[in-house]
Structures are given as C-alpha cells and as structure tokens.
Amino acid sequence: PKRCYLYKKQAPLESIDGMCAKITACKQHSPADFVVIARIEALVQGLGMEEALCRARHYVDAGADAILIHSVANNQQEVLDFAQRYHASSATKPLVCVPTTYPDVTKAQLHDAGFSLAIYANYSVRATVQAMRSLLPELHKANALADMQAQCGPVKDVIALMDQDKMQQLET
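Presented here is an overview of the structure given in this document.

Calculation rules
Residues numbered from 1 in each chain as written. Predicted model: local features only at pLDDT ≥ 70, side-chain atom pairs only at ≥ 80, totals over all residues. Heavy atoms only, no water. Helix = DSSP H or I, 4+ residues; strand = E, 2+ residues; numbered from the N terminus. Rg over C-alpha atoms; globule rule 2.2 N^0.38 Å. Buried < 20%, exposed > 50% of the residue type's maximum accessible area, 1.4 Å probe, protein only. Contact = heavy atoms within 4.5 Å. Areas by Shrake-Rupley, 256 points an atom, 1.4 Å probe, with all protein chains shown as cover. Lys, Arg positive; Asp, Glu negative; His and termini not counted. Charge placed at Lys NZ, Arg CZ, Asp CG, Glu CD. Expected span 1.5 Å × (residues − 1). Pairing = 2+ DSSP bridges. Axes fitted to C-alpha atoms, helices over the stretch in contact; angles between N-to-C directions. Patch = residues over 30% accessible without salt bridge, like charges linked within 9 Å, V, L, I, M, F, W, Y side chains within 5 Å. Salt bridge = Lys/Arg side-chain N within 4 Å of Asp/Glu carboxyl O. Polar contact = N/O pair within 3.5 Å; in protein donor to acceptor, adjacent residues only side chain to side chain. Parallel < 35°, antiparallel > 145°, perpendicular 65-115°, else oblique. Left-handed = near helix turned anticlockwise from the far one by under 90°. Nonpolar A, V, L, I, M, F, W, Y, C, P; charged D, E, K, R; others polar.

### Focus on the overall build of the chain
Looking only at helices and strands, the chain has seven helices and four strands in total. Along the chain direction, N to C, the helices and strands of the chain fall in the order α-β-α-β-α-β-α-β-α-α-α. Over its C-alpha trace the chain gives a radius of gyration of 21 Å, far above what one expects of a compact globule, namely 16 Å for 172 residues. The principal-axis extents of the C-alpha atoms in the chain amount to approximately 65 × 45 × 35 Å. Considering the chain as a whole, with its 172 residues, one finds that 28% of them fall into the buried category. Counting only contacts in the chain whose residues sit at least 6 apart along the sequence, the fraction spanning at least 24 positions is 61%. If you sum the accessible surface of the chain, you get close to 11600 Å²; carbon and sulfur atoms cover 56% of it. Distance from the positive charge centre (17 side chains) to the negative charge centre (18 side chains) of the chain: 4 Å.

Structure follows, in structure tokens:
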C-alpha cells in the first residue's frame, strides 16, 4: 500500500492511467463543489521534472481541480522550478505545495511562483509535541494540578474542538 514518504519506504507510484481513472471516477461521482487535488510524488521518487510535469498535464486533463507538487528537497528550488515550467506550459489549475522540508521559503516566493495554497503539514502536531515535552516534566514536579493551570487551556476548549454536540447527535 501507499505510504507517506516519512516512512522512508517508497512504494511504486500509481500508473498515470490508473491515477487518471481514479480522478475521473472521483469527479463523476462527487458533488459539483467537491475539489480534487492531485498529488504528484514523481520528484519524491526521483523520477524527475519531466515525469512530474507529464503527470500534472494528465491529471488536469482527467479533471483534477488543482495540482499538489510534492518534494522532499531541503530547499524550495525544485518546486519553484516546477511551478515556472507548469505555468509556462499554459496550465491554469491552481498549484499547491507542502513546504515542510524547505521551511525557508517565504509566502511571497510561493505567491510569486504562482502557488495558490501551501499546506503547513504537521506543524500543529509538532507544536503540540513540543508543548507536551515542556509541560510533562513540570507536571511531574508540581504539587498539584493547580500549579499548571496557567500553562493549559480550559477543558471547554477541548470539548469545543471535539464538537461534542454533533457527536451526541450522531450517537442517537
């Protein structure tokens, strides 16, 4: 099965025809306001720029509403090059990127390159991990939970995030 690149185990990419069939089927069987963002991992797999651009053309032709170009390079040049070549080919569908491995890229650079969306994947999770690492040793040393209240949000915020009312509706 497909695995995220973070697992360091590369699975073969779906064939272009197979991916196009999935995109087409998704568009045909989804509401009109459903958006399909086709993720291209050709650069991650080391298949090169031409393969990435070829996949972008085919995925757009199959009905993709946007193209997500993924790269694990440690700088933004690869995705900026892709964007330049993508737009030079008269492609008009929005471009999306996930700049986790190239955090020095600025919003202005992405905007200027024609990206419509940047997904800051796992940043909130990473911030949560950092907060827990900071809090837990202090909690261990604390005399009472009251000593830690200033470092924690109210329980009502947690309940609001879970949308408890909706969960209760779904359970009945």
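### Some words on helix α2 (residues 49-62)
Compared with the 20 Å implied by 1.5 Å per residue over 14 residues, the 20 Å span of α2 between its first and last C-alpha is a close match. Within α2, the full set of buried residues consists of M49, A52, L53, C54, R55, A56, Y59 and A62. The secondary structure elements touched by the buried residues of α2 are α1 (16-28), β1 (37-40), β2 (66-69) and α3 (77-88).

### What to know about the sheet that holds strand β3 (residues 95-97)
Taken together, four strands build an open sheet; the order of strands is β1-β2-β3-β4 and the sheet is parallel. Either end of the sheet is taken by a strand with one partner, and the two such strands are β1 and β4 (115-118). Neighbour-to-neighbour, the strand axes of this sheet turn through a mean angle of 30 degrees, independent of strand direction. Where β3 and β4 come together, three bridges link them in parallel fashion. Bridged to L95 within β4 is F115. Taken strand by strand, α2 contacts β1 and β2, and its axis lies near 160 degrees from that of β1.

### As for a nonpolar patch on the surface
On the surface, V155, V158, I159, M162 and M167 cluster together into a nonpolar patch covering about 440 Å² of accessible area. Element by element, the count of residues in the nonpolar patch is highest for helix α6 (residues 155-162), at four residues. With respect to the helices and strands, the residue M162 is situated in helix α6. For M162, a relative accessible area of 44% gives the class partly exposed.

### Structural notes on the side chain of Q76
Here Q76 lies in the loop between β2 and α3. Only 3.5 Å separates the side chain of Q76 from the side chain of Q109, close enough to count as a polar contact. Not counting chain neighbours up to four residues away, the residues in contact with Q76 comprise Y102, D104, V105 and Q109.

### Comments concerning the packing of α2 against α3
When two helices pack together, their arrangement is captured by the angle between the axes and the distance separating the axes. As a packed pair, α2 and α3 sit with axes 11 Å apart at the nearest point and diverge in direction by 50 degrees. Considering their axes alone, α2 and α3 lie oblique with respect to each other. For the pair α2 and α3, the sense of crossing is right-handed. Contacts from M49, E50, A52, L53, A56 and V60 in α2 reach E78, D81, F82, R85 and Y86 in α3. Residue classes in the contact of α2 with α3 are distributed as seven nonpolar, no polar and four charged.

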